[in-house]
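# Close look at the chain arrangement
Residues per chain, in single letters:
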Amino acid sequence: MKLQGTMQVNQKNHLEIGGCDTVELAREFGTPLYVIDETLFRQNCRAYYQAFTESYGATVIYASKTLSNLAVCSMVEQEGLGLDVVSGGELYTAAKARFPMERVYFHGNNKSPEELRMALEYKVGRIVVDNRYELETLNNLAGEMGVKVNILLRLSPGVEAHTHEYIKTGQIDSKFGLVIENGMAMAGVKRALQLPHVQLTGFHCHIGSQIFELQSYAHAAEVMMGFVHNVYRETGFVAEELNMGGGLGIYYYQGDRPRPVKEYADVLMTAVKNTAAALDLPVPKVIVEPGRSIAGPAGITLYTVGAIKDIPGIRKYVAVDGGMGDNPRPALYQSKYEACVANRMHEQPVEKVSIAGKCCESGDMLIRDIALPSLQPGDILAVLGTGAYNYSMSMNYNRLPRPAMILVNNGRADLIVRREDYCDLIRNDVMPDRLRSNLVKLASSR
Ligand SMILES: *Cc1c(COP(=O)(O)O)cnc(C)c1O
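Residues numbered from 1 in each chain as written. Predicted model: local features only at pLDDT ≥ 70, side-chain atom pairs only at ≥ 80, totals over all residues. Heavy atoms only, no water.

### Considering the packing of helix α2 (residues 38-56) against helix α3 (residues 70-78)
The interhelical angle for the contact between α2 and α3, taken along N-to-C directions, is 45 degrees, at an axis separation of 10 Å. Here α2 is positioned oblique relative to α3, judged by the angle of their axes. α3 is crossed by α2, and the crossing has right-handed handedness. Side by side, α2 and α3 meet where E38, F41 and R42 of the first sit next to V72, M75, V76 and Q78 of the second. Taken together, the residues of the contact of α2 with α3 sort by class into four nonpolar, one polar and two charged. (Axes fitted to C-alpha atoms, helices over the stretch in contact; angles between N-to-C directions. Helix = DSSP H or I, 4+ residues; strand = E, 2+ residues; numbered from the N terminus. Parallel < 35°, antiparallel > 145°, perpendicular 65-115°, else oblique. Left-handed = near helix turned anticlockwise from the far one by under 90°. Contact = heavy atoms within 4.5 Å. Nonpolar A, V, L, I, M, F, W, Y, C, P; charged D, E, K, R; others polar.)

Following this line, the structure appears as structure tokens:
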């Protein structure tokens, strides 16, 4: 287990984060509870700002799909980063947080006309166009509104990275972007250059997530710059911007070896510069879009232990008061997490258990086979590294209200997302009149 950021063990042998005792946080705010370490979140933003912006003049935009709410948008803004949004909802959140719209990039493989119109009205900095249909739709909408919008084209470079390895070819089969290899990308560029209401500024790619192999970024940069060169030769258009996406891996579990942001910046920027020089092209403005590596390590989730079921010789199930509703990742893609007993941090592991959620799904297991001190009902379990893709992927399956989120710093805990209650669960339910009258009839006939 790895305690990151401001996490430490206090004198009561409790887990502390942001100077707050997690056992007291659980008592005050209830569980399940998302806790975000403000210091670490901001440090991660700064590491990117320093490594990319200060060292190379590159732009860093935070991928808000990772974790988005008003407070998070505000911290990202204060740290000088831009924002990547992929839906009207994420864009709305940014707008309500008064995020400067010129620093917003709008992504997505199927933006609706309403979302595109909203982005034009808000005057977002760039729209990253995914496909030909979107290109035409956007051009028409911008024309109706009498504006010209800056766009990037999303490309599929044929490089797909996974954790430890990357695949150089193939990966043409993707729902994202225009394929370089088969000419779709070049055709898209030529069309974009003809359209009067879009201004092509450059290209985008995103090669995957939870990446530890930095060479895959260098390779993707070479492929992208090769395309920039081909476009220049065929059309005379010189791309000003190259958005290389996000994806840097973080520590979740023993064996994960995240690479420092500085190294990532050096590898990527060197590849862009060297390729530009070799092809006799100007070095484009580089943009990166980290999400997980900013928010992930900064979050933990606190749960209360409930039912414990020991099936002798098979498995000991320890159930907590949350699960796939607040963290769908283990059920979605067998993600692994580490955890600790927040109220008894000094105790050594004595047994292997599995942490179960409370949803009606056998697959609702947060952690399989983890060595922990002997757990009792009422213990507080902290699952680590839950800042990214937990709250943002949460759901109300089984009509479980979504947890609260707090931001901790220097002994202070501020509520940043209110806990849902049962009223929230039926807020959008509508009772048709004919059903209502049946109920009334039923009630009166009793
Ligand atoms: C998901 C995504 C990101 C962020 O990826 P991380 O792995 O969280 O860093 C950036 N850009 C695009 C286009 C994405 O889809």
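On we go.
### What to know about the packing of aromatic side chains
In the structure shown here, the tally under the stated rule is nine aromatic pairs. An angle of 80 degrees between the planes, with centres 5.8 Å apart, marks the rings of Y34 and Y391 as edge-to-face. Of this pair, Y34 sits in strand β4 (residues 33-37) while Y391 is found in the loop between β21 (380-384) and β22 (404-409), placing the two residues 357 residues apart along the sequence. Since its relative accessible area comes to 2%, Y34 is described here as buried. Aromatic side chains Y48 and F52 sit 5.9 Å apart centroid to centroid with 10 degrees between the ring planes, which places their arrangement in the stacked category. With Y48 and F52 both in helix α2, this residue pair falls four residues apart, about one helical turn. For the pair shown, Y48 and F52 are each scored as buried. Pairwise contacts between aromatic rings join Y48, F52, Y217 and Y264 into one cluster. For the cation-ring pair, K111 lies above F106, with the distance from its terminal atom to the ring centre recorded as 5.7 Å. (Phe/Tyr/Trp six-rings, centres within 6.5 Å; stacked < 30°, edge-to-face > 60°. Buried < 20%, exposed > 50% of the residue type's maximum accessible area, 1.4 Å probe, protein only. Lys NZ or Arg CZ within 6 Å of the ring centre and 35° of its normal.)

### A look at the nonpolar core
Residues F41, F52, Y62, I127, I151, L153 and F203 are the most contacted members of the largest nonpolar core, which totals 89 residues. Element by element, the count of residues in this core is highest for helix α8 (residues 215-235), at nine residues. Mapping this core onto the domain boundaries places at least three of its residues in each of domain 1 (8-37 + 297-426) and domain 2 (107-290). If we skip the residues at most four places from it in the chain, F41 touches Y62, V72, M75, V76, I294, A295 and A298. (Core = buried A, V, L, I, M, F, W, Y, C linked by side-chain atoms within 4.5 Å. Domains from an automatic or database assignment.)

### Brief notes about the packing of helix α5 (residues 113-122) against helix α6 (residues 132-145)
For the pair α5 and α6, the least separation of the axes is 10 Å and the interaxial angle reads 50 degrees. Here α6 runs oblique to α5, going by the angle between their axes. Note on packing geometry: the crossing formed by α5 with α6 is right-handed. Across the interface between the two elements, P113, L116, R117, L120 and E121 from α5 touch E134, T137, L138, L141, A142 and M145 from α6. Per-class residue counts for the contact of α5 with α6 are seven nonpolar, one polar and three charged.

### Structural notes on α5
Of all the residues in α5, the buried ones are E115, L116, M118, A119 and L120. One or two residues past the end of α5 sits K123, with phi positive at roughly 60 degrees.

### Focus: the domain arrangement of the protein chain
Per the domain assignment, the segments of the protein chain are domain 1 (8-37 + 297-426) and domain 2 (107-290). Each of domain 1 and domain 2 was reduced to a C-alpha centroid, and the two centroids are 36 Å apart. The partner domain 2 presents five residues to the six residues of domain 1 that form the contact. Summing both sides of the interface, domain 1 and domain 2 together bury roughly 660 Å²; the carbon and sulfur share of this comes to 53%. Together, P297, K336 and E338 form the three largest contributors to the area buried by domain 1 at its contact with domain 2, with a combined 60%. Here domain 1 and domain 2 share zero salt bridges between them. At the boundary of domain 1 and domain 2, one finds two residue pairs in polar contact (both at pLDDT 80 or more). Its residues assigned to classes, the side of domain 1 that touches domain 2 shows two nonpolar, one polar and three charged. (Buried area = accessible area lost by both parts, 1.4 Å probe. Salt bridge = Lys/Arg side-chain N within 4 Å of Asp/Glu carboxyl O. Polar contact = N/O pair within 3.5 Å; in protein donor to acceptor, adjacent residues only side chain to side chain.)

### Brief notes about the UniProt feature "active site" (unreviewed entry) in the protein chain
Following the UniProt record, the feature "active site" (unreviewed entry) maps to C360 here. The class for C360 is exposed, based on a relative accessible area of 60%. (UniProt positions renumbered as here; feature names shortened; annotations may be inferred.)

### What about the site of the ligand?
What surrounds the ligand is a group of 16 residues, the closest being K65, S209, E289, R292 and Y389. The side chain of E289 places a nitrogen or oxygen atom 2.6 Å from a nitrogen atom of the ligand. Take G291: an N or O atom from its main chain is 2.9 Å from an oxygen atom of the ligand. When the ligand is considered free in solution it has 380 Å² of accessible area, and contact with the protein chains removes 94% of it. With respect to the detected pockets, the ligand is housed in the largest pocket. When the residues that make up the shell around the ligand are grouped by side-chain class, the tally is three nonpolar, eight polar and five charged. (Near = heavy atom within 4 Å. Areas by Shrake-Rupley, 256 points an atom, 1.4 Å probe, with all protein chains shown as cover. 1 Å grid on protein atoms, 1.4 Å probe; cavity = no way out; pocket = protein on both sides within 12 Å on 5 of 7 lines; lining within 4 Å. Sits in = over half its atoms within 2 Å of the grid points.)

### Quick look at the layout of surface pockets
Space inside the largest pocket adds up to approximately 1100 Å³. For the largest pocket, the lining is made up of 49 residues, of which K65, H206, G208, S209 and R292 are closest to its centre. For the lining of the largest pocket, the elements supplying multiple residues, two or more each, are β9 (149-156), β10 (160-162), α10 (292-295) and α11 (329-333). Broken down by class, the residue content of the lining of the largest pocket amounts to 16 nonpolar, 22 polar and eleven charged. (Points joined across faces, edges and corners; volume = space filled by probe spheres on them.)

### Quick notes on the UniProt feature "modified residue: N6-(pyridoxal phosphate)lysine" (unreviewed entry) in the protein chain
The UniProt feature table records "modified residue: N6-(pyridoxal phosphate)lysine" (unreviewed entry) at K65. Structurally, K65 can be placed in the loop between β5 (59-63) and α3. On the basis of relative accessibility, which here comes to 36%, the residue K65 falls in the partly exposed class. Ignoring anything within four residues of it in the chain, the contact list for K65 reads D84, V86, E90, Y389 and S392.

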